[in-house]
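# Summary of the model geometry
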Amino acid sequence: MIYLRLIWSYLKIGLFGFGGGYAMLSLIEREIVGSGWITSKMFTDIVAVSQMTPGPIGINSATYIGYVAPMRFGFDSPWWGLLGSLICTITVVLPPFLLTVYTSHFIARNHDKLIIRGIFAGLRPVVIGLIASAALLLMTPDNFGTDTTELLISISIALCALAVVLFTKLHPIWVIIASGVAGFLIYYF
């Protein structure tokens with residue numbers, strides 16, 4: 001039963017997740033945290049790890065949730081988790097792949113038509129709104145702390161990282177590593 005629920009959730013995410021990873025975050029959160037497969041804190045951790053690992057957020061979360069969800073429902077063997085990972089990853093990738101293959105030919109032939117331009121003009125603000133909702137979704141105490149000191153430290157780390165990326169030639173990977181080390185040293189020592 002858990003696998004059918006996972007398939008249904010990731011089928012919806014794959015079919016309606018327009019605009020990339022950030023745009024689909026609110027949909028992923030509603031389907032995954034709302035179903036009780038993971039906590040809100042685990043979700044924010046998945047988003048953070050997904051940003052540091054290769055691959056889109058949707059696929060990374062599908063692989064991880066597919067692994068942990070069966071174990072939360074009594075399937076204790078890692079093999080059940082691997083099966084769940086495979087099912088979720090295929091389910092989230094297959095619908096957009098098929099839609100892209102099907103629509104690319106149609107759009108290529110009709111890209112100059114008014115209706116196609118109108119569809120894309122209508123989708124742009126929606127994607128921007130979905131990305132903005134993802135930013136708001138991640139502004140939780142799980143990400144920024146529950147007291148004023150934690151909040152100020154989190155904001156300081158974020159602003160320092162932004163400044164380093166904007167005003168230096170340092171590669172973003174080094175900024176991510178340095179931010180993680182700073183957070184570890186500040187919060188655990």
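Structural data are supplied above this passage.
Keep in mind the model is a prediction, meaning the values are calculated, not measured.

Each pair of packed helices can be summarised by the angle the axes make with each other and by the distance between the axes. For the pair helix α2 (residues 25-32) and helix α6 (residues 114-137), interaxial distance at closest approach is 8 Å and the crossing angle is 55°. In terms of orientation, α2 and α6 fall into the oblique class. Along its contact with α2, which presents L25, S26 and E29, the element α6 presents L130, S133, A134 and L137. Among the residues making up the contact of α2 with α6, the classes are represented as four nonpolar, two polar and one charged.

For the rest of this paragraph, the subject is the pattern of salt bridges. Two side chains that carry opposite charge are able to pair once their charged atoms sit near each other. Tallied over the entire structure, the rule returns two salt bridges. For K12, the salt bridge is made with E31, and the minimal N-O distance between the two is 3.1 Å. Of this pair, K12 sits in helix α1 (residues 2-16) while E31 sits in helix α2, and the two are 19 residues apart along the sequence. What makes K12 partly exposed here is its relative accessible area of 23%. Overall, E31 belongs to the buried group, its relative accessible area being 12%.

Under the definition given, this model contains four aromatic pairs. Seen from their ring centres, F184 and Y188 are 5.7 Å apart, and the 35° between their planes marks the pair as tilted. Of this pair, F184 and Y188 both sit in helix α9 (residues 172-188), four residues apart, which is roughly one turn of the helix. Classification of F184 as partly exposed rests on a relative accessible area of 43%. Taking the relative accessible area as the measure of exposure, Y188 reaches 62% and is therefore exposed.

Calculation notes
Residues numbered from 1 in each chain as written. Predicted model: local features only at pLDDT ≥ 70, side-chain atom pairs only at ≥ 80, totals over all residues. Heavy atoms only, no water. Axes fitted to C-alpha atoms, helices over the stretch in contact; angles between N-to-C directions. Helix = DSSP H or I, 4+ residues; strand = E, 2+ residues; numbered from the N terminus. Parallel < 35°, antiparallel > 145°, perpendicular 65-115°, else oblique. Contact = heavy atoms within 4.5 Å. Nonpolar A, V, L, I, M, F, W, Y, C, P; charged D, E, K, R; others polar. Salt bridge = Lys/Arg side-chain N within 4 Å of Asp/Glu carboxyl O. Buried < 20%, exposed > 50% of the residue type's maximum accessible area, 1.4 Å probe, protein only. Phe/Tyr/Trp six-rings, centres within 6.5 Å; stacked < 30°, edge-to-face > 60°.

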